[in-house]
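# A closer look at the structure
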Amino acid sequence: MHHTRLHLVAVLALVAVTLAFAGVTAVSADAPPRPGTDDSELDVNETATLWSKAPNECLSDAEYEERYDEQRTAMQELGNCTDITFKEPPDTAERWTAYDYESLEGGGTETSVYPTHAELTDSVLIADAHATTFAIQPSTRVHLDADETVHYIAPDGELRGFVDYRVRLDSNSSVQTHGIEEVRLLRDDDVLETIDGTQTPTFEYELDRGGSATLTLEADISARVEQDLGNRTEVTTDQVTVSQDLEVEVYDLRASIYHASYPNGDHGVAIYQAQPWHGYTLSDDGEARVRGVWRYYTARDTGWDELTTSTRGGRETADSDALPVYVHAYPSEVGPRTEPIRDGPDILETWGTESSSPEPTIHENADIDVVSEPYTRSYGLALRHDEIDREAIAVSGIVRGVSADLVEPDGGSERLIRESDLSIEIVESNATATTLRVELRDSETGAPIMLEDSLIGPRFSLIGTTSRQGYITVGDQEVRTNAAGIAEVTVHQPGIYTAEYHPGSWRSHSPAYLGDTATETWHPLATPTGWFTLVVDVVRYALPFAVALYAAKRIGSFLKMKDTL
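Residues numbered from 1 in each chain as written. Predicted model: local features only at pLDDT ≥ 70, side-chain atom pairs only at ≥ 80, totals over all residues. Heavy atoms only, no water.

### Re unusual backbone geometry
The linkage connecting Q137 with the following residue, P138, adopts the cis geometry, with an omega of -5 degrees. When you line up the elements, P138 lands in strand β2 (residues 126–145). For the bond from E339 to P340, the omega torsion is 0 degrees, close enough to zero to count as cis. When you line up the elements, P340 lands in the loop between β17 (337–339) and β18 (346–355). Backbone geometry places D128, a non-glycine residue, at a positive phi of 50 degrees. Take D128: it is sitting in strand β2. D128 gets classed as buried once you look at its relative accessible area, which sits at 1%. (Helix = DSSP H or I, 4+ residues; strand = E, 2+ residues; numbered from the N terminus. Buried < 20%, exposed > 50% of the residue type's maximum accessible area, 1.4 Å probe, protein only.)

Next up, the structure:
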């Protein structure tokens, strides 16, 4: 018994040494490959960032060294305690997935291997057949809100699949032929590419249009079996087609862009895009930038945590050695913001939709700074900066390697900005009220500026509309000028009145204008009528007191005369 135990320990030690030198590591859902234990081209610091869905043990240096008999880097220590996020979509997920895919192997003639989420098909001779997508890259799973997570994929990329099956055999049967005949990739039932049969098909696809899409991995599997019936043989042929659909959003990012020039030489730019965006670059040296609300982390696809091996004798499930990793995007507490922080562009306006926090869609083990309150999912910004290089403007996407095609409107993207000239004067006044006339003109041409009533909110304001939004405030009143550029307002309280022009955004006006202010003072004593009214009021209110005072004096004199008698 003692010798048997020693032999077993020696065998286990030999296996452990062999696995260590072969670069193979036992993998489980809660313990993904430890950094430095694989043969991927990722260094230990890069590998440490991959596993955001793994529990954060936060081992001390002593505990880690005791468990693994090695020291760790600072990045490994950080990844062991929390999850590491990125400012931009990293390439580590794609590099790891390509490496780990090579370890994925199918079964033999009578063995089928499949992940737990595979869609299995059985027929007369073929059992546990499936075609399952392993990964599609580059792509990003975007956590938009509490109810929606969208899988955005690049228009050009790679889809890796896994196809397997087993042949049903009785004791008196033998296989003549079997195999995967053909594997196809389809978009919305249209065949994109076809390759010869293989258990691990890889498609390099190019999609010609964006939007929602159903990608289908499809494979034809056939088998031919001969059965010995004693005095004769019987040949049976079988064929099945297996498939799996993948619902994605093709991330074909397009942005509309509008330019403006300010009178002082500053530059303005407004950029719109319907899909989530990562950031803007506004200068050739990349110094002037804008970053959106999105940050990124990487995590495995938990659907591949386990693989089931199926034979005629039964099924066994074990931890998978092949773990595809995806980039995830989430709204963080930071953004949108400009860089450099002090001298960077000014954000004039942000357009977007208010969305609920996507916190419920984040894996329970992912320790990230996702917003916990509703946030604005922006689809456009208006910016102002003293240095914007129009030729260098770029919009980068939330899918790695995807940048927007910049589209200028048919009517032109240039918006002219001029200074405005606002004046205010008293045109009519009395003791209780005064009428102020406000006049608004183009300071360069002298033409009147007419302000029409705004019937729609700024979020729905269209680029290039002919109506001119904006308004003028005088005290607590809001007015708009007529076709002559004039508006009148009546006030009743004495004081200093400041008129201020609040122009509409330059994105929807050409020419657009800068705001202006003008001041006027009104008091009843500032007019002859006011003085006359004041005198009349003084006399009117003072007369009863004068009569009373005179009467009091007369009575006093009478009483004094009576006392002397």
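### Brief notes about the side chain of E339
With respect to the element layout, E339 can be found in strand β17. Among the polar contacts listed, one links the side chain of E339 to the side chain of R289, at a separation of 2.6 Å. (Polar contact = N/O pair within 3.5 Å; in protein donor to acceptor, adjacent residues only side chain to side chain.)

### Description of the sheet that holds strand β15 (residues 314–319)
Pairing is antiparallel in the open sheet, where three strands are placed in the order β1-β14-β15. Whereas interior strands pair on both sides, the edge strands pair on one side only; in this sheet they are β1 (112–115) and β15. With direction set aside, neighbouring strand axes in the sheet form an average angle of 25 degrees. Both strand β14 (residues 306–311) and β15 contribute to a ladder of six bridges, which runs antiparallel. Paired with T308 across the two strands is T317, which belongs to β15. (Pairing = 2+ DSSP bridges. Axes fitted to C-alpha atoms, helices over the stretch in contact; angles between N-to-C directions.)

### With respect to a negative patch on the surface
On the surface, D284, D285, E287, D343, D386 and E387 cluster together into a patch of negative charge. You can call E387 exposed: its relative accessible area is 57%. (Patch = residues over 30% accessible without salt bridge, like charges linked within 9 Å, V, L, I, M, F, W, Y side chains within 5 Å. Areas by Shrake-Rupley, 256 points an atom, 1.4 Å probe, with all protein chains shown as cover. Salt bridge = Lys/Arg side-chain N within 4 Å of Asp/Glu carboxyl O. Lys, Arg positive; Asp, Glu negative; His and termini not counted. Charge placed at Lys NZ, Arg CZ, Asp CG, Glu CD.)

### A short note on helix α5 (residues 92–101)
When α5 is considered as a whole, its buried residues turn out to be T92, A93, W96, T97, D100 and Y101. Along α5, the residues classed as buried sweep out an arc of 150 degrees about the axis, all on the same side. (Arc of directions from axis to C-beta.)

### Quick look at the packing of aromatic side chains
Counted under the stated rule, the structure contains eleven aromatic pairs. Where Y152 meets Y251, the ring centres are 5.4 Å apart and the plane angle is 75 degrees; that geometry is what we call edge-to-face. Residue Y152 is located in strand β3 (residues 148–167), and its partner Y251 is located in the loop between β8 (233–250) and β9 (254–261); the two are separated by 99 residues in the primary sequence. In this pair, the class of Y152 matches that of Y251, namely buried. Relative to Y280, the ring of W277 lies with its centre 4.3 Å away and its plane at 10 degrees, an arrangement referred to as stacked. Across this residue pair, the class does not change: W277 and Y280 are buried. (Phe/Tyr/Trp six-rings, centres within 6.5 Å; stacked < 30°, edge-to-face > 60°.)

### Thoughts on the pattern of salt bridges
As enumerated under the stated definition, the model contains 27 salt bridges in all. The residue E46 makes a salt bridge to R95 at a minimum N-O spacing of 3.0 Å. One end of the pair, E46, is in helix α2 (residues 44–47); the other, R95, is in helix α5, with 49 residues separating them in the sequence. When its relative accessible area of 22% is taken as the criterion, E46 is described as partly exposed. A salt bridge links D208 to R209; the nearest nitrogen and oxygen atoms lie 3.4 Å apart. Judged by relative accessible area, which is 68%, D208 ranks as exposed. Beyond isolated ion pairs, a larger network of salt bridges with shared partners links E182, R184, E218 and D220.

### Some points on the sheet that holds strand β28 (residues 495–503)
An order of β26-β25-β28-β30 is seen for the four strands of this open sheet, with the pairing classed as antiparallel. Two strands close off the open sheet at either side, each with one partner strand: β26 (477–479) and β30 (517–522). With strand direction ignored, the average angle separating the axes of adjacent strands in the sheet is 25 degrees. The pairing of strand β25 (residues 470–474) with β26 spans three bridges and is antiparallel. Residue pairing across strands places T473 opposite E478, the latter belonging to β26.

### Examining the pairing of strand β10 (residues 267–272)
Counting buried positions over the six residues of β10 gives five, a clear majority of the element. Bridging between β9 and β10 involves six bridges; their strand directions are antiparallel. Pairing of A260 across the sheet is with G268, part of β10. In sequence, β9 turns back onto β10 through a hairpin of five residues, with G265 there showing a positive phi of about 100 degrees.

On their own, these measurements won't tell you what the molecule is for.
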